[in-house]
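# Summary of structural features
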Amino acid sequence: LGLPESLFPRLSDYDDVRRGLKPDYAARWPALRHAPFCLAVGDGAAANVGSGAVDGRRLALTVGTTAALRIVRDGPPPLVPPGLWSYRLDAAHHVIGGATFEGGNIFHWAQDVLRLPDAATIAAELARREPDSHGLIFLPLLGGERSPGWSNDASGAVAGLRLSTGALDILQAAYEGVALRLALTAEQLKSLTPGDAPVMAGGGALAAWPGWVQTIANALNRPIHHLADAEITARGAAILALRALGRASLADFPPAVERTVHPNPAHAALMQKALARQAALYDQWITPGVRLPGPHSGSSAPTPT
């Protein structure tokens, strides 16, 4: 930037703790008069800590309005797989992962656009259906694309519509489409974590649509541990604060698991075929910004980090 270093603040780790408040604020919030304050961390990093995914052997899946799949590694900064990103949790730990603009918002979009029944009827009907039974290919890039292709002009697409296609067919294709995009990120992370690494999952969208957990387990072909605590990011922030004060390590408070969902082998095979069809539609519809190995052809570009 052509600016002298003296214009920038000192680089500090999150555990560079400051205590206490100035008099005006101490009078306003006396309970925080001597409280320790840590510097901010990324919410995704805090979610990994709250999920217990802090050693590279587990992945953290967070699905709220949007969705992300991340790991934490220690040691030197690792090479970032194409299409993914990395940032520091602290001086010794690195967060690597990918994210989508679509998560629970795909259900809100469908409810706004399609004439859907009530949520209980939707859940019961979807539970009876086999994966990819709708005959559609849904590319869920309604908000644009983040990982793994980083296309600047991406938009959503749906193929295979017929006169017999119903609203629930489109909804099913949409949320399966998001699961397939997460499967691409999981594939990119295989170079950094065991291929059978369990996924620690949380977020409001999974709590609202619990059947989605099975769909994602099938798409990733990995077991998913659905966490009991809905506020995993706040939980991770609390653990990080305890660590900054020397009272805990990152792994001292493993999260409670509400249930473990294993992939259905037959349904996982169906999702793999659906992933190949989605990748083919992507290559026809989108010009990606990052060249990826595997199903996408892509074009050469630097990897975002």
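Scoring rules and cut-offs
- Residues numbered from 1 in each chain as written.
- Predicted model: local features only at pLDDT ≥ 70, side-chain atom pairs only at ≥ 80, totals over all residues.
- Heavy atoms only, no water.
- Axes fitted to C-alpha atoms, helices over the stretch in contact; angles between N-to-C directions.
- Helix = DSSP H or I, 4+ residues; strand = E, 2+ residues; numbered from the N terminus.
- Parallel < 35°, antiparallel > 145°, perpendicular 65-115°, else oblique.
- Left-handed = near helix turned anticlockwise from the far one by under 90°.
- Contact = heavy atoms within 4.5 Å.
- Pairing = 2+ DSSP bridges.
- Salt bridge = Lys/Arg side-chain N within 4 Å of Asp/Glu carboxyl O.
- Buried < 20%, exposed > 50% of the residue type's maximum accessible area, 1.4 Å probe, protein only.
- Expected span 1.5 Å × (residues − 1).
- Arc of directions from axis to C-beta.
- Polar contact = N/O pair within 3.5 Å; in protein donor to acceptor, adjacent residues only side chain to side chain.
- Core = buried A, V, L, I, M, F, W, Y, C linked by side-chain atoms within 4.5 Å.
- pLDDT = per-residue confidence, 0-100.

## Considering the packing of helix H5 (residues 167–188) against helix H7 (residues 211–220)
The geometry of H5 relative to H7 is characterised by a closest axis approach of 8 Å and an angle of 40° between their N-to-C directions. Relative to H7, the element H5 is oriented oblique. The crossing of H5 and H7 is right-handed. Across the interface between the two elements, Tyr175, Glu176, Val178, Ala179, Leu180, Leu182, Ala183 and Ala186 of H5 pack against Trp212, Thr215, Ile216, Ala219 and Leu220 of H7.

## Looking at the side chain of His225
Here His225 is to be found in strand E10 (residues 224–227). Residues within four places of His225 in sequence aside, it is in contact with Pro198, Val199, Met200, Ala201, Val257, Arg259 and Thr260.

## A look at the sheet that holds strand E3 (residues 59–63)
Reading across the sheet, the 7 strands line up as E5-E6-E4-E3-E9-E10-E11 and stay open at both edges, with mixed pairing between neighbours. Each having just a single partner strand, strand E5 (85–88) and strand E11 (257–261) make up the two edges of the open sheet. Going from strand to strand, the sheet's axes swing by 25° on average, the running direction of each strand aside.

## A look at the pattern of salt bridges
Evaluated as defined, the whole model comprises 11 salt bridges. For Arg128, the salt bridge goes to Glu125, with nearest N and O atoms at 2.7 Å. Of this pair, Arg128 and Glu125 are both found in helix H4 (residues 119–128), 3 residues apart, which corresponds to roughly one turn of the helix. Taking the relative accessible area as the measure of exposure, Arg128 reaches 64% and is therefore exposed. Linking Asp132 and Arg277 is a salt bridge whose minimum nitrogen-to-oxygen distance equals 2.5 Å. Of the two residues, Asp132 is situated in the loop between H4 and strand E7 (137–139) and Arg277 in helix H9 (residues 265–285); the sequence distance between them amounts to 145 residues. Three or more residues are tied together by salt bridges with common partners; here these are Glu125, Arg128, Arg129 and Asp169.

## With respect to H9
Here H9 spans 30 Å end to end across 21 residues, near enough to the 30 Å set by a 1.5 Å rise per residue. His267, Ala268, Met271, Ala274, Leu275, Gln278, Ala279, Leu281 and Tyr282 are the residues of H9 that are buried. Considered in projection along H9, the buried side chains sweep an arc of 160° and stay on one side of the axis. For H9, exposure combined with an orientation more than 90 degrees from the buried face picks out Ala266, Lys273 and Gln284. For H9, the secondary structure elements touched by its buried residues are E7, strand E8 (157–159), H5 and H7. Looking at where H9 begins, the residue whose side-chain oxygen comes 3.0 Å from the main-chain nitrogen of Ala266 is Asn264.

## Points about the nonpolar core
Generally speaking, a soluble globular protein has its nonpolar side chains buried in company with each other. In terms of nonpolar packing, the biggest core is built from 49 residues, with Leu61, Leu171, Trp212, Ile216 and Leu220 touching the most fellow members. With residues near it in sequence (within four places) discarded, Trp212 still touches Val63, Gly103, Gly104, Ile106, Phe107, Tyr175, Val178, Ala205 and Leu206. One finds Ala46, Val72, Val95 and Leu240 within the second-largest nonpolar core, a separate group that totals 15 residues.

## Considerations on the confidence of the model for the chain
With 95% of its residues at a pLDDT of at least 70, the chain reaches an overall mean of 91. Across residues 297–305 the pLDDT falls below 50, and counting only partners more than four positions away or on other chains, this stretch makes 29 contacts in the model.

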